[in-house]
Amino acid sequence: MTEPGSDEVAEQGWEQLSPLSLILRGGVVLLAVVSWMGAQLVSRVGNFVSPGRWRDSSGQPDEVEGILSHPWVSLGILALVIVAAIGAAWMSWRFTRFRVAEHQVELRQGWIFRQQRQVPLDRVQAVEISRPLVAQLLGLAKVVVQSAGGKDSNVTLAYLPLPRAHDVRDRIQRAASRLEGYAAGPADEGGAPTGVVRSAPGGTEGPYGSLPGDLLGLAPDTGRLVVQVPNLRLVLASLCHPGVVFLVLAGLAWGIAALTVIPDEWGPFGGIVVALPGLVPMLFGLLSTRVREVLKHGNFRLTDQGRSVRILHGLTDHRTTTVPLRRVQALEIVQPMMWRPMGWWRARVNVAGIHGDDSELTNETVLLPVGTLDEALTVLTLVDPALSPDHLRTAALGDGGEANWVTASPSARLFDPLSWRRSGYTVSGHGVLVRRGRYSRRAAAVPHARVQSMKVMQGPWDARRDLAAVSLVSTPGPIGIVIPHLSLHDAEAFLDEESQRTSAARRSEGTPCANPAPGDGLSSVDIALTDGHRP
Amino acid sequence: MSDLDADPAPRVTLRGGDLGWRSVSPALVKVRLITLAVSLVVPLVATIVLAVLVTPWVWLGTLALMVAAAIIAWVIVRQVSAISWIELEEELVIRKGRLIRSLVSVPYGRLQFVDVQSGPLMRAFGLSTLQLHTANPATSATISGLEVPIAEDLRARLSARGETQRAGL
């Protein structure tokens, strides 16, 4: 229980969080307590003034209740609770320390129960800065160090003043890339090719860069701005959703039916009144998903940082995420049917270490929430320069019959009458391209060197028609790569050839630079297998 | 489609073939049947008690349970005999299922770690389950019903190959 002395702290490089984070972390509880007590107090005072209601049903004043209800007593309790809450929050802040050491990021927490968590720098997947609305008002930001072990092994530094948050992030990234043996550049930014336009709209250069001019407050926003999504487009795209259409149609049907059935004396709005109760829950459910979509992807900007891309997003809660390009495992563009008239696509990736089951992190895998095909292809080829835009275009738009594409067997027509001509795959020296869906289209790419394992599946109906599906397993993420309804022969041939291609790709990737952290965790159990094998 | 005839590598097919696939111990059938029997005891007793005490119509439920048990037992027998695996040059391949066939091919270089587990019942029959873990937990490549020494040997070999052929993510 000895408090670390300040000299010792400075010596070892331990740092404290912003004292203002007290307000943010304890603030909600405090606010709730205060408002509840306040409400109680008001009603007590009311009772005190008119004591007629201050009796239980027997007509006798309840003594205990009576004492508790005395305004001074409740004021005292209120004060005690507030002092205790403030004290606890202050102690917890006082004992929370972090440091960026040579090999790890460490976070110490706890006053009575000490807890220390550390993330080895070679397991750091991404460093995110996020700014909830209240934090923005106070000029604070949260730094989340995402580790390969999933959410439980992340370290969250909440909260720091924004410039310090940037500083800490840069230090972590610098240290991590130093560990990985990148000689070049002080940080990711330093690795950006010269000649890259290093200006963001409204931004100015500087250590904390474009802070004053940057509306998002997420600078330093160096690096080349690759794509920016107008919020209006995002809103429109979010509304182009089958649920919205269904809701509008249902609303119309309800209205018309109600108007024709409802007696005239109910007035012209009778139908609407009848229709509303049925629609409200649906409306609510639907709107919440649509609104969440817009909140998540609002103010979307993607910048090229050389070895990584940085994503800035969030309508109210601003976040920035750095996705290291070498951690990208699979890429995909998707076009829901209703986006077709506008030619919009969404681009997303699987990133090692960012897990699909963690809702807070899954959004970071969207590299373009909605954009034109050209924008989507720009993003994909930026992330994986070995991809050919022409191939991707064929994958996105092709309707079957192209050379080099192996498509579903004609005997799959019965199971997949709409898209059997289109769904299929093609192989390049670098990876596999897979496309599916005729009206709601998707095209995915996975490099040979990133295929984890492969699977061939055949259900009873497939067996009758001599079909099989092949699945290329990537790391967990939004993209699952399945090629359905191939003829069994094609499927087995693909498995055979792809095994050889993936093994060749794995061998040629085995350099320390491309292989910074052997067995990039996902679990600490594998250390036994990987230790002593680090490059 | 491809020049398979010119291809010297052995072909892995969904239906096995002459590659020297190894099957798992038939004792796994016993283990699974015992598990099935144990899990059926409570519902069976319940239906019998109800049939005796309340109404004879519940015998129909008992009958349905028996029929279901017979079908599941048949499926177990068929399933266990369908599990087979083979160690190739660079990957371990596992085949499963008859009605729904599947084949999983896990390259040694992608193995994060290998688990060997066995519960008390499995241990009583000298069996264990080998589970391969890659960077995707959904891969779920498991081989149940390996004799313990075989499983231990396999795990040792897999770990060794995993290290020599290891590839980064």
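Definitions and cut-offs
Residues numbered from 1 in each chain as written. Chains lettered and ligands numbered in written order. Predicted model: local features only at pLDDT ≥ 70, side-chain atom pairs only at ≥ 80, totals over all residues. Heavy atoms only, no water. Helix = DSSP H or I, 4+ residues; strand = E, 2+ residues; numbered from the N terminus. Contact = heavy atoms within 4.5 Å. Buried < 20%, exposed > 50% of the residue type's maximum accessible area, 1.4 Å probe, protein only. Pairing = 2+ DSSP bridges. Patch = residues over 30% accessible without salt bridge, like charges linked within 9 Å, V, L, I, M, F, W, Y side chains within 5 Å. Areas by Shrake-Rupley, 256 points an atom, 1.4 Å probe, with all protein chains shown as cover. Salt bridge = Lys/Arg side-chain N within 4 Å of Asp/Glu carboxyl O. Lys, Arg positive; Asp, Glu negative; His and termini not counted. Charge placed at Lys NZ, Arg CZ, Asp CG, Glu CD. UniProt positions renumbered as here; feature names shortened; annotations may be inferred. Core = buried A, V, L, I, M, F, W, Y, C linked by side-chain atoms within 4.5 Å. Domains from an automatic or database assignment.

### A few points about the overall build of chain B
- When helices and strands are tallied, chain B shows four helices and seven strands.
- The order of α-helices and β-strands along chain B, N terminus first, is β-α-α-β-β-β-β-α-β-β-α.
- In chain B, the proportion of contacts linking residues at least 24 apart, taken out of those at least 6 apart, comes to 51%.

### Quick notes on the pairing of strand β18 (residues 441–447) of chain A
Residue and element names in this part refer to chain A.
- With six of its seven residues buried, β18 lies for the most part within the structure.
- The pairing of strand β12 (residues 328–335) with β18 spans five bridges and is antiparallel. Pairing of Q335 across the sheet is with R441, part of β18.
- Where strand β17 (residues 431–436) and β18 come together, six bridges link them in antiparallel fashion.

### Considerations on a positive patch on the surface
- On the surface, a cluster of positive charge is made up of A:R340, A:R413, A:R421 and A:R438.
- With respect to the element layout, A:R421 can be found in the loop between β15 (406–407) and β16 (424–427).

### Brief notes about unusual backbone geometry
All names here are of chain A.
- Here the bond from A158 into Y159 is cis, since omega is -5°, no more than 30 degrees from zero.
- Relative to the helices and strands, Y159 resides in strand β7 (residues 155–161).
- Unusually for a residue other than glycine, D466 sits at a positive phi of about 60°.
- Considering the arrangement of structural elements, one finds D466 in the loop between α13 (460–464) and β20 (467–473).
- On the basis of relative accessibility, which here comes to 45%, the residue D466 falls in the partly exposed class.

### Observations concerning the UniProt feature "transmembrane region" (unreviewed entry) in chain B
Residue and element names in this part refer to chain B.
- Within this numbering scheme, the UniProt entry marks residues 31–51 and 57–77 as carrying the feature "transmembrane region" (unreviewed entry).
- From the first C-alpha to the last, residues 31–51 spans 30 Å; its make-up is 100% helix and 0% strand.
- Secondary structure content for residues 57–77 is 90% helix and 0% strand, and the end C-alpha separation is 31 Å.

### Here's the deal with the side chain of B:E91
- With respect to the helices and strands, B:E91 occurs in strand β3 (residues 91–96).
- Buried and unpaired, B:E91 has A:R506 as its nearest opposite-charge partner, separated by 4.9 Å.
- Those residues in contact with B:E91, other than ones at most four positions away along the chain, are A:S499, B:I86, B:S105, B:V106, B:P107 and B:Y108.

### Focus on the nonpolar core
- Counting 40 residues, the largest nonpolar core has A:L302, A:L331, A:I333 and A:L367 as the members making the most contacts within it.
- If one sorts the elements of this core by residue count, helix α11 (residues 373–383) of chain A sits on top with seven residues.
- For this core, the domains that each give at least three residues are domain 1 (231–296) and domain 2 (302–508) of chain A.
- Here A:L367 is in contact with A:F300, A:L302, A:V309, A:I311, A:A347, A:R348, A:V349, A:V379 and A:V383, once residues within four sequence places are set aside.
- Residues B:V80, B:V104, B:L111 and B:L158 belong to the second largest nonpolar core, which totals 29 residues.

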